[in-house]
Amino acid sequence: MSQTPVIITAALVGAEVTREHTPYLPITPEEIAEEAKRCRDAGAAMVHLHVREPDGTPSQSAELFERTILLIRELAPDLICQVSTGGAVGMSAEERAQPLSLQGAAKPEMATLTTGTVNFGDDVFWNPRPLVREMARRIREAGIVPEIEVFDAGMIDEAYALEREGLLSFPAHFDFVLGVPGALGASEAVVDFLRSRLPEGSTWSVAGIGRHELPLAEVAIARGGNVRVGLEDNLYVAKGVLAKGSYELVARVAELAQKAGRPVAVPDQAREILRLPPRR
Ligand code: KMH
Ligand code: ZN
C-alpha cells in the first residue's frame, strides 16, 4: 500500500527563544535563509517564519520578512514560505499583519491564523474574535492560504464559525500546537480528539512543544499526519543535547518517517497535498 508523504515544516526562529537559550538560533535574514536551506536539504518542505531585529528582538517588519524570503528563494527556491501572523505576545494586530502585504517574489504562500486566545506560559496570546476575523479577512484578501494554529480545542470550533461567515474555506490545513504551558497538553489522546474534529478532507500537522516535539512527531507520522519541528518549539535533539539548528530536528523526523515507511514530501508534493497553487 502506498503511503502519503509526510510534510515536514521547520519553525526556524519563533519569537521567544533567545541566543542565551541556544547559540544556534538564526537571527539575521542571511542566517535564517541559510538555516532554511539546511532544513530543505534535511527534508523540510515548508518553513514557518518569524523575523528578528539585528539585536534579536522579535519583529513583524515587512522589510525583514521580504529580505528573508527573497534570500530563501535564492538558496532553496522550491521551499514553501509560511509567515507568522502571531508574532510575539503583546504585538498589535496591525503589527502582526505586516508580512501579509508582501508582493511579487516575496509574497508568502501561507500564513498562520490562530483562532482564539490562550494562556502562553505566564503571558496571554491575545486573539479576541474581532482580531481573528480581521486577520482571516486580510489573509483571504491577500490570496494567501491560511494554516490554522490550534493551541486549544475550541480553536477548531471557531474555525467552523469562520467558515460559516465566509472567512475560511474547507478543507483547510490545521497545525496542532501542543504542550504550551497553560494551553492544551501534548498527548496521543489529544491528537486523536483534535483530528476527529476536523472538517472532511482537511490536512493536519503536530507541533509538540519542548520534550514533546519528537514523541508527537512519531504519533503524527503513525496517524497519517504531518509534522512541525524546529527551534521555535524545542531546542534539544536529545535529553541535554542542543540541536545545532532546526535542520537536525528535521533530519530526525525524516528518519522517523522512513522507519514508519512513509516518504518525506518534497515541496511540490506538499503544495499538492495542502491544496496550494503550483509554484510560480
Ligand atoms: N509567538 C507566539 C505568541 C504563530 O506563529 O502564528 C505565536 C506564534 C504563532 O508563534
Ligand atoms: Zn510561530
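Overview of the structure. No experiment lies behind these values; they were computed from the predicted model shown. (Residues numbered from 1 in each chain as written. Chains lettered and ligands numbered in written order. Predicted model: local features only at pLDDT ≥ 70, side-chain atom pairs only at ≥ 80, totals over all residues. Heavy atoms only, no water.)

What about the coordination of the zinc ion (ligand 2)?
(1) Moving on: Protein ligation of the zinc ion (ligand 2) involves His48 (NE2), His50 (NE2) and Glu232 (OE), the donor distances falling in the range 2.1 Å.
(2) Moving on: The motif formed by the donor residues of the zinc ion (ligand 2), counted along the single chain, is H-x1-H-x181-E. With His48 in strand S2 (residues 46-49) and Glu232 in the loop between strand S12 (226-229) and strand S13 (236-238), the pair connects residues that are 184 residues apart, well separated along the chain.
(3) Moving on: With relative accessibility at 2%, the residue His48 sits in the buried group.
(4) Moving on: With relative accessibility at 16%, the residue Glu232 sits in the buried group. (Donors = N, O, S within 2.8 Å, 3.2 Å for Na, K, Ca; no water. Helix = DSSP H or I, 4+ residues; strand = E, 2+ residues; numbered from the N terminus. Buried < 20%, exposed > 50% of the residue type's maximum accessible area, 1.4 Å probe, protein only.)

Points about the site of ligand 1
(1) Moving on: If you check the shell around ligand 1, you find Ala15, Glu16, His48, His50, Ser84, Gly86, Gly87, Val89, Thr112, Phe120, Phe125 and Glu232 and nothing else.
(2) Moving on: The separation between an oxygen atom of ligand 1 and a polar main-chain atom of Gly86 is 3.3 Å.
(3) Moving on: At 3.0 Å, a side-chain N or O of Glu232 approaches an oxygen atom of ligand 1.
(4) Moving on: In the complex, the protein chains occlude 98% of the 300 Å² of accessible area that ligand 1 would expose alone.
(5) Moving on: Judged by the proximity of its atoms to the pocket grid, ligand 1 belongs to the largest pocket. (Near = heavy atom within 4 Å. Polar contact = N/O pair within 3.5 Å; in protein donor to acceptor, adjacent residues only side chain to side chain. Areas by Shrake-Rupley, 256 points an atom, 1.4 Å probe, with all protein chains shown as cover. 1 Å grid on protein atoms, 1.4 Å probe; cavity = no way out; pocket = protein on both sides within 12 Å on 5 of 7 lines; lining within 4 Å. Sits in = over half its atoms within 2 Å of the grid points.)

Points about empty space enclosed by the protein
(1) Moving on: This structure, assessed with the given rule, holds 1 cavity of 30 Å³ or more.
(2) Moving on: Of the volumes computed, that of the largest cavity is approximately 30 Å³.
(3) Moving on: Considering the residues around the largest cavity, the lining is formed by Thr85, Arg96, Leu113, Thr114, Asn127, Leu131, Val132 and Met135.
(4) Moving on: Counting only elements with at least two residues in the lining of the largest cavity, the list comes to strand S6 (110-114) and helix H4 (129-141).
(5) Moving on: Considering each element in turn, the lining of the largest cavity owes the most residues, 3 residues, to H4. (Points joined across faces, edges and corners; volume = space filled by probe spheres on them.)

Quick word on the nonpolar core
(1) Moving on: In terms of nonpolar packing, the biggest core is built from 84 residues, with Leu12, Val47, Leu49, Phe176 and Leu178 touching the most fellow members.
(2) Moving on: In this structure, Ile80, Met110, Ala265 and Leu274 belong to the second largest nonpolar core, which totals 9 residues. (Core = buried A, V, L, I, M, F, W, Y, C linked by side-chain atoms within 4.5 Å.)

Observations concerning unusual backbone geometry
(1) Moving on: Pro171 follows Phe170 through a cis peptide bond whose omega is 0 degrees.
(2) Moving on: Positionally, Pro171 belongs in the loop between helix H5 (154-164) and strand S10 (173-178).
(3) Moving on: The residue Arg275 is not glycine, and still its phi comes out positive at about 65 degrees.
(4) Moving on: Positionally, Arg275 belongs in the segment after helix H9 (267-273).

Things to note about H4
(1) Moving on: When the terminal C-alpha atoms of H4 are compared, their 18 Å separation across 13 residues agrees well with the 18 Å that a helix rising 1.5 Å per residue should span.
(2) Moving on: Along H4, the residues classified as buried are Leu131, Val132, Arg133, Met135, Ala136 and Ile139.
(3) Moving on: If you follow the buried residues of H4, they end up packed against helix H3 (93-96), S6, strand S9 (145-150) and H5.
(4) Moving on: At the exit of H4 stands Gly143, carrying a positive phi of roughly 75 degrees. (Expected span 1.5 Å × (residues − 1). Contact = heavy atoms within 4.5 Å.)

Regarding the side chain of Arg228
(1) Moving on: Structurally, the position occupied by Arg228 is in strand S12.
(2) Moving on: At 2.8 Å, the side chain of Arg228 forms a polar contact with the side chain of Asp233.

Quick notes on the sheet that holds strand S5 (residues 80-83)
(1) Moving on: The strand order S1-S2-S5-S6-S9-S10-S11-S12 describes a closed barrel built from 8 strands, whose pairing is parallel. Neighbouring strand axes in the sheet, compared pairwise and without regard to direction, differ in orientation by 25 degrees on average.
(2) Moving on: Strand contacts of H4: S6 and S9, with the helix running at about 165 degrees to S6, the strand carrying the most contacts. (Pairing = 2+ DSSP bridges. Axes fitted to C-alpha atoms, helices over the stretch in contact; angles between N-to-C directions.)

Here we look at the layout of surface pockets
(1) Moving on: Put simply, the largest pocket is a space of about 620 Å³.
(2) Moving on: Lining the largest pocket are 30 residues, with Glu16, Phe120, Val180, Ile209 and Glu232 positioned closest to its centre.
(3) Moving on: Among the elements of the structure, S6 and strand S8 (123-125) are those that each provide at least two residues to the lining of the largest pocket.
(4) Moving on: When the residues that make up the lining of the largest pocket are grouped by side-chain class, the tally is 12 nonpolar, 11 polar and 7 charged.
(5) Moving on: If you add up the space inside the second largest pocket, you get close to 210 Å³.
(6) Moving on: Lining of the second largest pocket is provided by 16 residues; of these, Arg140, Ile144, Val145, Pro146 and Ser169 occupy positions nearest its centre. (Nonpolar A, V, L, I, M, F, W, Y, C, P; charged D, E, K, R; others polar.)

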